[in-house]
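Descriptive analysis of the structure
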Amino acid sequence: MSEQNTNPVELFGMRVAHVGINATDPADALEIAELFSTMMGLPVIETPVSYFNDSLIEVMKQNGRGTKGHIGFAVNDIDAAEKWFAERGLEVNEESRVLLPDGGTKLVYFKREFAGFAVHLCRE
């Protein structure tokens with residue numbers, strides 16, 4: 001990894017993994033997910049806390065992180081990406097860290113919101 005490179009998209013294969021939308025309750029979340037399903041032709045997949053439209057949209061059953069919702073960014077090396085962002089003043093919220101069975105990080109949110117959105121890094 002070149003220290004000269006200041007583009008995390010190139011460094012970590014960074015891409016938008018999904019956009020998260022906060023709903024008021026599970027019925028509202030399902031209605032929103034069904035609208036996106038109609039619009040994009042993607043199936044609605046239920047999880048314990050949300051509905052996904054494929055992997056593009058996540059609708060939280062209750063208000064989730066972020067005033068307006070959240071944006072997930074997939075990276076190919078989450079540990080290196082965290083370090084790179086920390087060197088630029090973007091700290092992660094350790095309380096938000098979700099681990100995989102192997103002990104690696106599945107996802108972690110930044111402490112700061114971006115324009116009302118919580119932002120997290122996740123494994124590709």
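Not measured: the values here are computed from a predicted model.

**Describing the overall build of the protein**
- The helix and strand tally for the protein stands at three helices and eight strands.
- Helices and strands in the protein line up, N terminus first, as α-β-α-β-β-β-β-α-β-β-β.
- Over its C-alpha atoms the protein spans a radius of gyration of 15 Å, differing by no more than 12% from the 14 Å that the globule rule assigns to 124 residues.
- Projecting the C-alpha coordinates of the protein onto the three principal axes gives extents of approximately 45 × 30 × 25 Å.
- Here the protein holds 124 residues, and the buried ones make up 40% of them.
- Relative to all contacts within the protein whose residues are 6 or more apart in sequence, the contacts with residues 24 or more apart total 57%.
- For the protein, the computed accessible surface area is about 7300 Å², with 55% contributed by carbon and sulfur atoms.
- Of the side chains in the protein, 11 bear a positive and 19 a negative charge, and the two mean positions are spaced by 5 Å.

**Observations concerning the layout of surface pockets**
- Taken as a whole, the largest pocket encloses approximately 450 Å³ of empty space.
- Surrounding the largest pocket, 19 residues form its lining, His18, Phe52, Lys106, Leu107 and His120 being those nearest its centre.
- Residue assignment for the lining of the largest pocket shows that the elements contributing at least two residues are β1 (15-22), β4 (57-60), β7 (105-109) and β8 (117-123).
- Residues that form the lining of the largest pocket fall into these classes: nine nonpolar, five polar and five charged.

**Side note on the sheet that holds β4**
- Overall, mixed pairing links the eight strands, which are arranged β2-β3-β4-β1-β5-β8-β7-β6 in an open sheet. Two strands in the sheet have a free side with no partner beyond their single neighbour: β2 (44-46) and β6 (98-99).
- Pairing between β7 and β8: three bridges, direction antiparallel. Directly across from Leu107, in β8, lies its bridge partner Cys122.
- Docked against the sheet, helix α2 (residues 26-40) engages β1, β2, β3 (50-53) and β4, running at close to 0° with respect to β3.

**Remarks on the UniProt feature "domain: VOC" (unreviewed entry) in the protein**
- Here the UniProt feature "domain: VOC" (unreviewed entry) sits at residues 15-124.
- For residues 15-124, the helix share is 22%, the strand share is 36%, and the end-to-end C-alpha distance is 9 Å.

**Here's the deal with the pattern of salt bridges**
- In total, this model carries eight salt bridges according to the counting rule given.
- The salt bridge involving Arg88 is made with Glu87; its shortest N-O contact spans 3.6 Å.
- Taking the shortest distance from any N to any O, the salt bridge between Glu91 and Lys111 comes out at 3.2 Å. Separated by 20 residues along the polypeptide, Glu91 in the loop between α3 (78-86) and β6 and Lys111 in the loop between β7 and β8 bring together distant segments of the chain.
- Looking at Lys111, the relative accessible area reads 54%, which means it is exposed.
- Salt bridges linked by common partners bring Glu82, Glu94 and Arg97 together as one network.

Rules used throughout
Residues numbered from 1 in each chain as written. Predicted model: local features only at pLDDT ≥ 70, side-chain atom pairs only at ≥ 80, totals over all residues. Heavy atoms only, no water. Helix = DSSP H or I, 4+ residues; strand = E, 2+ residues; numbered from the N terminus. Rg over C-alpha atoms; globule rule 2.2 N^0.38 Å. Buried < 20%, exposed > 50% of the residue type's maximum accessible area, 1.4 Å probe, protein only. Contact = heavy atoms within 4.5 Å. Areas by Shrake-Rupley, 256 points an atom, 1.4 Å probe, with all protein chains shown as cover. Lys, Arg positive; Asp, Glu negative; His and termini not counted. Charge placed at Lys NZ, Arg CZ, Asp CG, Glu CD. 1 Å grid on protein atoms, 1.4 Å probe; cavity = no way out; pocket = protein on both sides within 12 Å on 5 of 7 lines; lining within 4 Å. Points joined across faces, edges and corners; volume = space filled by probe spheres on them. Nonpolar A, V, L, I, M, F, W, Y, C, P; charged D, E, K, R; others polar. Pairing = 2+ DSSP bridges. Axes fitted to C-alpha atoms, helices over the stretch in contact; angles between N-to-C directions. UniProt positions renumbered as here; feature names shortened; annotations may be inferred. Salt bridge = Lys/Arg side-chain N within 4 Å of Asp/Glu carboxyl O.

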